[in-house]
Amino acid sequence: MVGFKNRYLVMEVFLDPNRDLATEDPIIVTQFNVSKAVKESILVNFGECGLASSISSFQVKYVNPITKLCIIRTSREEYQKVWSAITMVRSIGNCPVMFNLLDLSGSVKACRNAALKCDELKFEHYKLVAGTRLTADVNQHMQNCLEKIKILEH
C-alpha cells in the first residue's frame, strides 16, 4: 500500500509593510487566521470545486506568532493550487499581509529542519529589533514554539 503523498510549505507572513516596526502587531497570526484566509482565497480564485479538491489534506500544521513563520500541509496533487492561492492572499482580517515561500518539501522531516533553521534566524533578528523590550515571557514562548517544530509529525 502506498502512503498518502503530501507537500509541506514553509511560509513567512509579512504584516502591513507600511506600519512602524517598533509598534505592536495589528493582528496575532494564528493557525485559524491563516487557514481561514487561505481557504477563502482558494474559494475566490478556484471556486467551490477547487476548494473541495484541495481541502481534504490541507492543514496549517504550525504557526509562530512571534516570527510569523507557518507550515502548511497539502496533497501532492493540489500543492500548486494551494501555493498560488496563498500567493493571492492580501489580508488576514483587516490587516494587509503578504506570504513568502521559504521552503517546499515532500517530507515532514525536511520541512522541520528548514523551519527550525528559519525560525531560529528570525528570532535572533527579532531579539535585535526588540532590544530591551524583549521579556522573559516572549523568550519562553519562542522556546515553546521551537519545541513544537521539533515534535512535528504528519
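Quick summary incoming for the structure in this document.

Quick notes on the rules
- Residues numbered from 1 in each chain as written.
- Predicted model: local features only at pLDDT ≥ 70, side-chain atom pairs only at ≥ 80, totals over all residues.
- Heavy atoms only, no water.
- Helix = DSSP H or I, 4+ residues; strand = E, 2+ residues; numbered from the N terminus.
- Expected span 1.5 Å × (residues − 1).
- Buried < 20%, exposed > 50% of the residue type's maximum accessible area, 1.4 Å probe, protein only.
- Arc of directions from axis to C-beta.
- Contact = heavy atoms within 4.5 Å.
- Phe/Tyr/Trp six-rings, centres within 6.5 Å; stacked < 30°, edge-to-face > 60°.
- Lys NZ or Arg CZ within 6 Å of the ring centre and 35° of its normal.
- Core = buried A, V, L, I, M, F, W, Y, C linked by side-chain atoms within 4.5 Å.

### A word on helix H4 (residues 136–150)
1) Next: A rise of 1.5 Å per residue sets the reference length of H4, with its 15 residues, at 21 Å; its end C-alpha atoms lie 21 Å apart and thus fit the reference within 8%.
2) Next: Among the residues of H4, those classed as buried are Met-142, Cys-145, Leu-146 and Ile-149. Here the buried residues of H4 occupy an arc of 100 degrees about the axis, which is enough to place them on one side. Exposed residues on H4 whose side chains face more than 90 degrees from its buried face are Ala-136 and Asp-137.
3) Next: On its buried side, H4 packs onto strand S2 (59–64) and helix H3 (108–130).

### Side note on the packing of aromatic side chains
1) Next: Tallying each qualifying case throughout the model produces 2 aromatic pairs.
2) Next: Ring plane angle 15 degrees and centroid distance 6.0 Å describe the contact between Phe-123 and Tyr-126, whose orientation is recorded as stacked. A residue pair is termed a helical-turn pair when its members lie 3 or 4 positions apart in one helix, as Phe-123 and Tyr-126 do in helix H3 at 3 residues.
3) Next: The exposure class of Tyr-126 is partly exposed, given its relative accessible area of 31%.
4) Next: If you follow Lys-81 out to its NZ or CZ, it ends over the ring of Phe-46, 5.9 Å from the centre.

### Focus: helix H2 (residues 79–87)
1) Next: Buried residues of H2: Tyr-79, Val-82, Ala-85 and Ile-86, and no others. End-on view of H2: buried residues confined to an arc of 130 degrees, all on one side of the axis.
2) Next: Taken together, the buried residues of H2 touch strand S1 (6–15), helix H1 (31–55), strand S3 (69–75) and strand S5 (95–105).

### What to know about the nonpolar core
1) Next: In this structure, Val-34, Cys-70, Ile-72, Val-97 and Phe-99 are the most contacted members of the largest nonpolar core, which totals 24 residues.
2) Next: Every element with two or more residues in this core is listed here: S1, H1, S2, S3, H2 and S5.
3) Next: With 5 residues, the top contributor of residues to this core is H1.
4) Next: Those residues within four positions of Val-34 in sequence are excluded, and the remaining contacts are Val-29, Val-60, Val-63, Cys-70, Ile-72, Ile-92 and Phe-99.
5) Next: Among the nonpolar cores identified, the runner-up in size contains 16 residues, and Ile-66, Met-142, Cys-145 and Leu-146 belong to it.

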